[in-house]
Amino acid sequence: MRAAIHDTFGEPSEVMKLADVTTPAPSAGEVLVKTTLSPIHNHDLWTVRGDYGYKPKLPGAIGGSEALGVIEAVGAGVDEAMIGQRVAIAGVHGTWAEYFTAPAAGVLPLPDMISDTLGAQLIAMPFSAISLLETLRAKEGDWIIQTAANGAVGKIMTVLAKARGINLLNLVRRAEAAQELTDLGIENVVVTADADWKDAARVIIGDPGAVSAIDSVGGALAEDLCDLLGVNGELVVFGTATGAPLTLSSGTLIFKHITVKGFWGSRVSSDMPADDRKRLITELVTLAATGQLDLTDGGVYGIDDVTKAMKAAVTPGRKGKVMIKP
């Protein structure tokens, strides 16, 4: 089969390449999935660079961790009735290929009303977002601040927070990004490039401040987020678009009793009780099936254009995840 692989760690556009590799066979408890679409996530790029919590075995590592496809074959102990089912899966490895294997218990059959584009990215980022929301102190009626609100998780969070009655302040770095969110009907958008952005934020969230803040940017913005939190607020580090170390004020942390912690969706998912996971997945599928949650793509590339796909994935201004179509 054809697959997008890398033999060394490095910049994805430089090290990813097309190769012919052996088609995998499903082991006991697994299914073989024929890939329809597979998104390029930031954590996929970090993995290729060797900077993620998971490091694949080299050489010949196949990229990708989420996909939508059709079950082609099943391993021992798996019901053959699953063959032909259209499913989504995340948290696996090697999805940038014509075929990949996955645990049978981990695939999610999808109803026809969920498009391929939405289904291909329904689990990883949405599930991380809903898992994060589940762990935050903020509840119905409270305020959450999120950075990178125009990103995939940011847009998903606007849907999830609204469904749960939680108020959301959406921070973006560019006026163009703010316009994009406004065009989507998203409210409470503030551009951090504006000189008076913190004053505008305070007008929106009120004097008590926010209960929770989610940072996906890093750097000096963390200190600003802490300024906007109320007493006993929490700052949760979800990502780092800039790669810059967090800047924090000791005084603000001390006098407001602010908690700072990280969030890694992969670890949270693996530690989550099965009943809670099923409940959250059901909530996501329901939102998707009813049209409340909809995700677009940032371009679809054939697997033979993997270099172009990698370059597109790091180009600012995308409206969705770049997809690989084998």
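Residues numbered from 1 in each chain as written. Predicted model: local features only at pLDDT ≥ 70, side-chain atom pairs only at ≥ 80, totals over all residues. Heavy atoms only, no water.

This part covers the nonpolar core. Counting residues in hydrophobic clusters, the biggest one holds 43 residues, and the most contacted among them are Leu-122, Phe-127, Leu-132, Ile-144, Leu-160 and Leu-293. If you list the elements that add at least two residues to this core, you get β6 (86-90), α4 (124-135), α5 (152-163) and α11 (274-289). At seven residues, α4 tops the list of elements feeding residues into this core. In this view, Leu-122 contacts Glu-66, Leu-110, Ile-114, Phe-127, Leu-284, Val-285, Ala-288 and Leu-293; residues no more than four positions away in its chain are not counted. Leu-225, Cys-226, Leu-228 and Ile-258 belong to the second largest nonpolar core, which has 19 residues in total. (Core = buried A, V, L, I, M, F, W, Y, C linked by side-chain atoms within 4.5 Å. Buried < 20%, exposed > 50% of the residue type's maximum accessible area, 1.4 Å probe, protein only. Helix = DSSP H or I, 4+ residues; strand = E, 2+ residues; numbered from the N terminus. Contact = heavy atoms within 4.5 Å.)

With that settled, the discussion passes to unusual backbone geometry. The step from Leu-58 to Pro-59 runs through a cis peptide bond, and the omega angle for that step is -5°. You will see that Asn-188, though not glycine, has its phi angle at about 55°, which is positive. Within the fold, Asn-188 resides in the loop between α6 (175-183) and β11 (189-191).

Turning to the sheet that holds strand β4 (residues 61-62), a few remarks are in order. What the three strands build is an open sheet, ordered β2-β1-β4; its pairing is antiparallel. Since the sheet does not close on itself, it has two edges, and those belong to β2 (17-20) and β4, each with one partner. Across two bridges, the pairing between strand β1 (residues 2-6) and β4 is antiparallel. Within β4, the residue paired with Ile-5 across the bridge is Ile-62. (Pairing = 2+ DSSP bridges.)

As a further point, take the pattern of salt bridges. Think of it this way: side chains of opposite charge can pair up when their charged atoms draw near. Here the structure, examined in full by the defined rule, presents 15 salt bridges. In this structure, Arg-279 engages Glu-134 in a salt bridge whose closest nitrogen and oxygen atoms are separated by 2.5 Å. Residue Arg-279 is found in helix α11, and its partner Glu-134 is found in helix α4; the two are separated by 145 residues along the sequence. Owing to a relative accessible area of 38%, Arg-279 belongs among the partly exposed residues under this scheme. Take Glu-134: its relative accessible area is 27%, and that puts it in the partly exposed class. Glu-234 is the salt-bridge partner of Arg-137, the closest N and O atoms lying 3.8 Å from each other. (Salt bridge = Lys/Arg side-chain N within 4 Å of Asp/Glu carboxyl O.)

With that out of the way, let us pick up the side chain of Lys-321. Note on placement: Lys-321 falls in strand β16 (residues 321-325). Buried within the structure, Lys-321 lacks any salt-bridge partner; Asp-44 is the closest side chain of opposite charge, at an N-O distance of 7.4 Å. Residues contacting Lys-321, with those up to four places away along its chain left out, are Pro-39, Ile-40, His-41, Asn-42, Gln-121, Met-125, Ala-152, Thr-296, Asp-297, Gly-298 and Gly-299. (Lys, Arg positive; Asp, Glu negative; His and termini not counted.)

Turning to the packing of aromatic side chains, a few remarks are in order. Within the structure shown, the criterion is met by three aromatic pairs. On the basis of an interplanar angle of 35° and a centroid distance of 6.2 Å, the ring pair of Trp-46 and Tyr-52 is categorised as tilted. Aromatic side chains Tyr-52 and Trp-264 sit 5.7 Å apart centroid to centroid with 90° between the ring planes, which places their arrangement in the edge-to-face category. Of this pair, Tyr-52 sits in the loop between α2 (42-49) and β4 while Trp-264 sits in the loop between β14 (259-262) and α10 (265-271), and the two are 212 residues apart along the sequence. Classification of Trp-264 by relative accessible area gives partly exposed; the value is 31%. Grouped by ring-pair contacts, the aromatic residues Trp-46, Tyr-52 and Trp-264 constitute a single cluster. Sitting over the face of the ring of Phe-127, Arg-277 holds its NZ or CZ atom 4.7 Å from the ring centroid. (Phe/Tyr/Trp six-rings, centres within 6.5 Å; stacked < 30°, edge-to-face > 60°. Lys NZ or Arg CZ within 6 Å of the ring centre and 35° of its normal.)

The next point concerns the layout of surface pockets. Size it by volume and the second largest pocket reaches roughly 150 Å³. Forming the walls of the second largest pocket are Ala-105, Gly-106, Val-107, Leu-108, Ile-123, Ala-274, Arg-277, Lys-278, Ile-281 and Thr-282. Take the lining of the second largest pocket: its biggest share by element is five residues, from α11. Among the residues making up the lining of the second largest pocket, the classes are represented as six nonpolar, two polar and two charged. (1 Å grid on protein atoms, 1.4 Å probe; cavity = no way out; pocket = protein on both sides within 12 Å on 5 of 7 lines; lining within 4 Å. Points joined across faces, edges and corners; volume = space filled by probe spheres on them. Nonpolar A, V, L, I, M, F, W, Y, C, P; charged D, E, K, R; others polar.)

Attention shifts here to the sheet that holds β14. Spatially, six strands are ordered β11-β10-β9-β12-β13-β14 in an open sheet, and the strand pairing comes out parallel. A strand with exactly one partner marks an edge of an open sheet, and here the two such strands are β11 and β14. Here the strands of the sheet are splayed against their neighbours by 20° on average, with no regard to which way each runs. Across five bridges, the pairing between strand β12 (residues 210-215) and strand β13 (residues 229-237) is parallel. When the bridges of β13 are listed, Ser-212 appears paired with Glu-234. Packed on one face of the sheet, helix α8 (residues 221-228) meets β9 (143-146), β10 (167-172), β12 and β13 and runs near 150° to β13. (Axes fitted to C-alpha atoms, helices over the stretch in contact; angles between N-to-C directions.)

This next bit is on the pairing of β13. Every other side chain in a regular strand lies on the same face of the sheet, so the side chains alternate between the two faces. Following the chain from β12 across α8 to the adjacent parallel β13, one finds a crossover that is right-handed. Bridge count between β13 and β14: four bridges; the pairing is parallel. Bridged to Leu-235 within β14 is Val-260. (Right-handed = clockwise from strand over helix to strand, strands pointing away.)

Taken together, Leu-246, Leu-248 and Val-260 make up a surface patch of nonpolar side chains, about 190 Å² in accessible area. Tracing the chain through its elements places Leu-246 in the loop between β13 and α9 (250-256). According to the relative accessible area criterion, Leu-246 is partly exposed, its value standing at 33%. (Patch = residues over 30% accessible without salt bridge, like charges linked within 9 Å, V, L, I, M, F, W, Y side chains within 5 Å. Areas by Shrake-Rupley, 256 points an atom, 1.4 Å probe, with all protein chains shown as cover.)

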